[in-house]
Amino acid sequence: MNEGVDYKHISITDLDAEISDIKLIGKGVSCKINQLNFVEQSGFKVDEFTTEAIVSPSGIIAQHLNVTTPFSKVDGNVTFLTNSYASLSNFIEDVKIRSYFNTTKVHFKDIYYFAPALNGLDKSLRFEGEVKGSINNLKGRKLSILIDDGTRFKGSADISGLPNANDMFMYVKVKELTTTKTKIESIPLFPFSDGNFIKLPSNFKHLGVIRFKGNFTGFYHDFVTYGQLKTKLGDVTTDISIKMNKGKSKYKGKLITNNFKLGRLFEMEKDIGSVTMDVNIDGKGFSKKDVDATLTGDIKKVVIKNYEYNNVAVKGNFKDQIFAGFLAVNDENVSFDFDGNIDFGKKLPEINFISNITNAKLAKLNFISSKNKLKTRFSTQLKVNLIGKGADDIVGNVELVNSRYYDKLDSIIVDNILVQSDFDSLERTITVQSDLLDAELVGEFKVEELSKYVQQFFARYIPSQIDETHEITNLSNDLNFNIELHNSELLSKLLFGGVKMSDHTVIYGDYDAEKHNLSVTGKS
């Protein structure tokens with residue numbers, strides 16, 4: 001296999017030249033090349049070459065240069081500066097380039113003859129701008145580049161280390177860069193003859209068209225990127241170090257997002273929505289299966305399970321689809337923290353955490369409806385150990401410790417509330433033990449359906465709650481229940497719409513789904 005042009009043994013065939021205005025100048029010559037085509041023994045071929053040229057020991061100057069090869073077409077002014085003719089034998093290091101190109105197409109199949117390490121790089125680009133320096137220390141200014149895959153670039157670049165791609169160090173100032181996942185993955189990896197390409201996680205396809213403005217510093221496999229990224233999923237500002245090795249990525253730095261659809265990126269839209277944050281990130285992997293990232297910083301807004309949380313301080317890790325760490329939320333309607341983990345990786349999510357809730361405005365959060373517009377406040381310590389996707393398949397327990405309820409009329413303190421949920425075959429049991437009440441509910445019920453039924457029951461049969469519709473939606477399955485009230489004041493405010501019952505009231509009964517019949521017995 002040929003290894004490019006051998007400057008010590010140049011051999012040209014099929015030469016056809018038309019040269020005029022030949023002048024001898026010192027140890028060199030100037031001329032006008034009206035036509036030149038040839039084939040060099042390496043295989044490099046020139047179909048058309050025109051220029052006004054000067055050749056001397058101090059260099060080669062080509063004004064109004066037009067060169068056409070089987071793969072490239074060059075238009076510009078090019079100067080190769082040398083100390084002597086001998087410099088050409090070490091073209092990569094000893095020849096200094098000063099050039100400006102008009103719209104020019106260059107294919108790396110042609111560049112290969114002068115830089116053999118580029119063998120196998122089957123890419124071309126169109127560009128215009130200024131290029132200067134030696135091949136191993138190039139500088140590009142006022143560059144406008146269109147790669148054959150459609151990637152567009154405007155800016156400047158300093159590149160050292162060519163032609164060895166592994167040693168290639170870049171400082172790129174990006175005025176405009178537009179690309180996509182597919183286009184990036186069309187870029188081959190060195191050594192290019194091996195046929196390996198950059199590989200990004202499949203979920204990066206959701207980013208759509210990627211637009212970047214900023215700086216890029218480092219090697220192609222180990223670099224720092226600083227700037228603004230605009231994607232289909234939202235905007236990202238980065239100051240991040242990224243290292244890539246054998247298809248695996250590590251990253252560390254600062255990440256700022258604005259309404260970025262994080263759940264869409266990780267294909268977890270049911271759990272996570274958009275996020276606006278300013279965090280430090282240290283991790284590896286980009287897909288939901290291999291991501292292992294630690295976040296520290298502030299989340300101004302994040303949507304989880306269709307609820308928007310604001311002003312969240314975060315310090316945690318996301319690995320194996322498990323978030324483990326600490327969150328502190330300072331929302332205008334509630335302050336709470338989270339210390340624990342949520343496992344999204346299993347068929348049924350597992351949730352284990354402790355949360356301290358302070359001054360939750362229950363009416364503002366739509367947990368209660370208050371006709372008297374009471375300014376409610378609720379505080380508690382919440383201990384959660386649950387497995388399940390939603391209210392109808394949850395198994396586990398929730399404990400509320402030292403709960404305090406305040407409004408302008410009352411102040412109520414409850415030491416402990418324990419709610420447990422379990423399944424025996426298809427039948428479900430929910431038990432409640434607390435200073436407020438003890439209760440047990442057994443059956444094949446759905447929580448939302450049952451909640452609606454209870455609300456409609458009160459609206460139909462309790463005088464203070466009667467509405468105009470009197471509608472009741474029947475339950476789908478049988479159930480039975482028993483309740484013993486210990487402190488009905490808070491229950492009246494939170495659950496019964498102001499309907500009051502005496503303490504120590506006992507209520508028990510059952511529902512027959514086939515007959516649509518509710519049987520209730522009580523004593524007080």
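Residues numbered from 1 in each chain as written. Predicted model: local features only at pLDDT ≥ 70, side-chain atom pairs only at ≥ 80, totals over all residues. Heavy atoms only, no water.

Chemist: What is the right way to look at the overall build of the protein chain in this model?
Modeler: Each helix and strand in the protein chain was counted, giving six helices and 29 strands. The C-alpha radius of gyration computed for the protein chain amounts to 36 Å, which surpasses the reference 24 Å derived for 524 residues by more than 25%, pointing to a less compact arrangement than a globule. Considering only C-alpha atoms, the protein chain reaches an extent of 120 × 45 × 40 Å along its principal axes. Going through the 524 residues of the protein chain one by one, you find that 40% of them count as buried. Long-range pairs, those at least 24 residues apart, make up 41% of the contacts in the protein chain between residues at least 6 apart in sequence. Here the protein chain displays about 29,500 Å² of accessible surface, and carbon together with sulfur accounts for 53% of that area. Positive and negative side-chain charges in the protein chain, numbering 65 and 68 respectively, have mean positions lying 7 Å apart. (Helix = DSSP H or I, 4+ residues; strand = E, 2+ residues; numbered from the N terminus. Rg over C-alpha atoms; globule rule 2.2 N^0.38 Å. Buried < 20%, exposed > 50% of the residue type's maximum accessible area, 1.4 Å probe, protein only. Contact = heavy atoms within 4.5 Å. Areas by Shrake-Rupley, 256 points an atom, 1.4 Å probe, with all protein chains shown as cover. Lys, Arg positive; Asp, Glu negative; His and termini not counted. Charge placed at Lys NZ, Arg CZ, Asp CG, Glu CD.)

Chemist: Could you clarify how one ought to interpret the pairing of strand E29 (residues 517-523) in this entry?
Modeler: Looking down a regular strand, the side chains alternate between one sheet face and the other. In the sheet, strand E28 (residues 506-512) pairs with E29 via seven bridges, with the strands oriented antiparallel. Bridge pairing links Ile507 to Gly522 in E29. (Pairing = 2+ DSSP bridges.)

Chemist: Help me understand the nonpolar core in this model?
Modeler: The tendency in soluble globular proteins is for nonpolar side chains to be buried side by side. Among the nonpolar cores identified, the biggest contains 56 residues, and Leu207, Tyr251, Leu255, Phe260, Leu265, Ile299 and Leu382 are the most heavily contacted of them. If one sorts the elements of this core by residue count, strand E16 (residues 272-284) sits on top with five residues. One finds Cys31, Ile97, Ile135 and Leu143 within the second-largest nonpolar core, a separate group that totals 36 residues. (Core = buried A, V, L, I, M, F, W, Y, C linked by side-chain atoms within 4.5 Å.)

Chemist: Would you take a moment to explain the packing of aromatic side chains for this structure?
Modeler: Enumeration over the complete set of coordinates arrives at 10 aromatic pairs. Plain terms: the ring middles of Phe91 and Phe114 are 6.5 Å apart, the flat faces sit at 40 degrees to each other, and that makes the pair tilted. Here Phe91, found in helix H1 (residues 91-94), pairs with Phe114, found in the loop between helix H2 (108-111) and strand E8 (124-134); they are 23 residues apart in sequence, far enough to count as distant. Given a relative accessible area of 13%, Phe91 falls into the buried group. Both rings, one in Phe323 and one in Phe338, keep their centres 6.2 Å apart while their planes meet at 45 degrees; by these two values the pair is tilted. Of this pair, Phe323 sits in strand E19 (residues 322-331) while Phe338 sits in strand E20 (residues 334-343), placing them 15 residues apart in sequence. Residue class for Phe323 comes out buried when judged on its relative accessible area of 14%. Here the aromatic cluster, defined as three or more aromatic residues joined through ring pairs, consists of Phe44, Phe80, Phe91, Tyr112, Tyr113 and Phe114. (Phe/Tyr/Trp six-rings, centres within 6.5 Å; stacked < 30°, edge-to-face > 60°.)

Chemist: Whenever I open this one, the side chain of Thr180 confuses me. Can you help?
Modeler: Mapped onto the fold, Thr180 is located in the loop between strand E11 (169-179) and helix H3 (181-184). The exposure class assigned to Thr180 is buried, which follows from its relative accessible area of 17%. Other than its neighbours up to four places away in sequence, Thr180 contacts Gly208, Val209 and Ile210.

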